[in-house]
Amino acid sequence: RADRDESRHFLGISPDSFVVCSFGFLQSFKLCHRLLQAWLNSPQAKDERCHLIFVGETSGGPYGESLLELIKAAPRKDGVRLTGWVSQDQFRMYLAAADCAVQLRTSSRGETSRVVLDTLYHGLPTIVNANGSMSEYPDDVLIKLDDNFDEAELIASLERLRHDESHRARLGVAARSYISDKHAPMKIGR
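Since the model is a prediction, treat every value here as computed from it, not as a measurement.

Caption draft 1: View of the overall build of the protein chain. Across its full length, the protein chain carries eight helices and six strands. N-terminal to C-terminal, the α/β element order of the protein chain is α-β-α-β-α-β-α-β-α-β-β-α-α-α. For the protein chain, whose C-alpha radius of gyration is 16 Å, the value lies close to the compact-globule estimate of 16 Å for 190 residues. Along the three orthogonal principal directions, the C-alpha set of the protein chain runs to about 50 × 35 × 30 Å.

Caption draft 2: Structural context of helix α2 (residues 32-40). All of the buried residues in α2 are Cys32, Leu35, Leu36, Ala38, Trp39 and Leu40. Looking at the buried residues of α2, the elements they touch are β1 (18-23), β2 (50-55), α3 (61-72), β3 (80-82), β4 (100-103) and α6 (151-163).

Caption draft 3: Layout of the packing of α2 against α3. Between α2 and α3, the shortest axis-to-axis distance is 11 Å and the interhelical angle comes to 5°. It follows that α2 is roughly parallel to α3 by the angle criterion. Taken together, the residues of α3 that come into contact with α2 (itself represented by Cys32, His33, Leu36, Gln37 and Leu40) are Tyr63, Leu67, Leu70 and Ile71.

Caption draft 4: Quick peek at the pattern of salt bridges. Within this structure, the stated rule accounts for 10 salt bridges. The closest approach of N and O atoms between Asp78 and Arg76, which form a salt bridge, is 3.4 Å. Judged by its relative accessible area of 12%, Arg76 is buried. Between Lys144 and Asp139 there is a salt bridge, with its nearest N and O atoms 2.9 Å apart. Owing to a relative accessible area of 24%, Lys144 belongs among the partly exposed residues under this scheme.

Caption draft 5: Layout of the sheet that holds β1. Strand order in this open sheet of six strands is β3-β2-β1-β4-β5-β6, and the pairing throughout is parallel. At either margin of the open sheet sits one strand with a lone partner, and together these are β3 and β6 (143-145). Averaged over all neighbouring strand pairs, the angle between strand axes comes to 20°, with direction disregarded. Strand direction decides the pairing type here: strand β5 (residues 126-129) and β6, joined by three bridges, are parallel. Residue pairing across strands places Val128 opposite Lys144, the latter belonging to β6. Across the sheet, helix α4 (residues 88-97) lies against β1, β2 and β3, angled at about 140° from β1, the strand it touches most.

Caption draft 6: A look at unusual backbone geometry. Not every positive phi belongs to a glycine, and Leu31 is a case in point at roughly 55°. Position of Leu31 among the secondary structure elements: in the loop between β1 and α2.

Definitions and cut-offs
Residues numbered from 1 in each chain as written. Predicted model: local features only at pLDDT ≥ 70, side-chain atom pairs only at ≥ 80, totals over all residues. Heavy atoms only, no water. Helix = DSSP H or I, 4+ residues; strand = E, 2+ residues; numbered from the N terminus. Rg over C-alpha atoms; globule rule 2.2 N^0.38 Å. Buried < 20%, exposed > 50% of the residue type's maximum accessible area, 1.4 Å probe, protein only. Contact = heavy atoms within 4.5 Å. Axes fitted to C-alpha atoms, helices over the stretch in contact; angles between N-to-C directions. Parallel < 35°, antiparallel > 145°, perpendicular 65-115°, else oblique. Salt bridge = Lys/Arg side-chain N within 4 Å of Asp/Glu carboxyl O. Pairing = 2+ DSSP bridges.

Below is the structure:
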């Protein structure tokens, strides 16, 4: 695991910022546009201490262009960041630097999201929607929205994580414990 303070320093993120990250390739089925729109309609979009970072490469084409247009219309130009492709070390730094993660999906082929496992392993409070295998996570290890969530649900979850540090801490402890109990290689091997 990367160190939080060192990671924030390296990535140019101030120590008092509230950072929401979404990890992975920016595709329509990952609902990046829904997260971005909710962010732009939330109080956090206007708070200079709050940042939304998409850690991954855009798909380009019309979808990527539409995301860039939404970002250009944001009230604060530094409030939303697209990193593009990052190395494994940089990925770990963003995991360490983030206050929470949002990983959404609209279609599933039955696969498990490795990024959700990564965020839970790092004790990062994570918001998902109950789509595919993400619906199987226990409710106490992450925030699980309805599969067809509405924007108000997502905004309320982001706001709660922003303002309730003890809730973030509880989710982080529960996430690490869940990974240790259910996904430790030795236990799985046995």
